[in-house]
Amino acid sequence: MGDSQTWTAAPSAAEHARSVLAASWSCAVTAEGGREEFVGAHTVAEDGRLTLDVPEDSTLVAAAICAPRGEPSAVLEFADVAPVPVRSRIRARLWIAGWFVPVDGRLQFTTTRVVLRRPSGAVVVDLDEFAAAAPDPLATAEARLLTHLADCHPDAVERLTRLVDAGSLHGAVRVQPLAVDRHGLTLRIERARAHGDVRLPFHAPADDVAQLTERMHVLLTQASAASCPRALQRQRTDRDR
């Protein structure tokens, strides 16, 4: 498989949650007045505090005014959606509970609970860790980067499968880039009736796009030196018949 990689870190739950917030453009809010969807309405401060700019006639405004102060009165939901078309595109969901306070025509949110659900399960994020965490430096560029990789460099994606254990590729019909962060690239391996994910860690974290480019070049160099997985060889042979 080429040179072994030693960097195995991954984003913490708090960092992942902050990355979801940084990259999300929309959110759903459930309050006493019902459930509303908002697009481009939320902003996030450096410490994770949320503010929503919603229409004056929104039922959420009335719910915020009428709710007893200090009692959880709303739940905000954010979806982490894979930018590349794959099965099960929701990579994670983030729920933030708390209450709103109307301030200068906007709704300031006080957070009381943060829950992040990933494929591995749900985790309650510590509020102090959530406030102190920073979003992944690649979070806001991830969609553009993965779309470019999938659309313009499918040959590179196939080459990267040489770094994947052949057993994980058995029965694979398609491989797509699913996610990237400063610590590594995740590939989605789709089979006829199932799918799985494989993470390719970088040899060192990437703090910007320039460093990510270098990390990807290292992975591709390792892949070029690796043998082609037998599973993919069989697929190409079957397809060519």
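Look above for the structure.
Chemist: Before we go on, may I ask you to explain the layout of surface pockets in this structure?
Modeler: The probe, sized like a water molecule, is rolled over the atoms to show the empty space still left. For the largest pocket, the calculated volume is near 1000 Å³. Forming the boundary of the largest pocket are 42 residues, of which H16, V20, D80, R91 and A179 lie nearest the centre.

Chemist: Where do I start with the nonpolar core in this structure?
Modeler: Where a protein is soluble and globular, its nonpolar side chains tend to be buried together. Judged by nonpolar contacts, the single largest core of 32 residues is most densely connected at L160, L185, L200, L212 and M216. Excluding residues within four positions of it along the chain, L212 makes contact with L138, L145, V180, F202 and A206.

Chemist: Whenever I open this one, the packing of aromatic side chains confuses me. Can you help?
Modeler: The description of two aromatic rings rests on the distance between their centres and on the angle between their planes. Within the structure shown, the criterion is met by one aromatic pair. One Lys or Arg, R18, reaches over the ring of F130 and ends 5.7 Å from the middle of that ring.

Chemist: Please explain the sheet that holds strand β9 (residues 172-181) as it appears in this structure.
Modeler: With respect to topology, three strands assemble into an open sheet ordered β9-β10-β11, the strand pairing being antiparallel. At either margin of the open sheet sits one strand with a lone partner, and together these are β9 and β11 (195-201). Within the sheet, the average angular offset between the axes of one strand and its neighbour, ignoring direction, is 25°. Bridge count between strand β10 (residues 184-191) and β11: seven bridges; the pairing is antiparallel. Paired with I189 across the strands is G196, a residue of β11. Each of β9 and β10 touches helix α4 (residues 142-152); the most contacted strand, β9, lies at about 150° to it.

Conventions and cut-offs
Residues numbered from 1 in each chain as written. Predicted model: local features only at pLDDT ≥ 70, side-chain atom pairs only at ≥ 80, totals over all residues. Heavy atoms only, no water. 1 Å grid on protein atoms, 1.4 Å probe; cavity = no way out; pocket = protein on both sides within 12 Å on 5 of 7 lines; lining within 4 Å. Points joined across faces, edges and corners; volume = space filled by probe spheres on them. Core = buried A, V, L, I, M, F, W, Y, C linked by side-chain atoms within 4.5 Å. Buried < 20%, exposed > 50% of the residue type's maximum accessible area, 1.4 Å probe, protein only. Contact = heavy atoms within 4.5 Å. Phe/Tyr/Trp six-rings, centres within 6.5 Å; stacked < 30°, edge-to-face > 60°. Lys NZ or Arg CZ within 6 Å of the ring centre and 35° of its normal. Pairing = 2+ DSSP bridges. Helix = DSSP H or I, 4+ residues; strand = E, 2+ residues; numbered from the N terminus. Axes fitted to C-alpha atoms, helices over the stretch in contact; angles between N-to-C directions.

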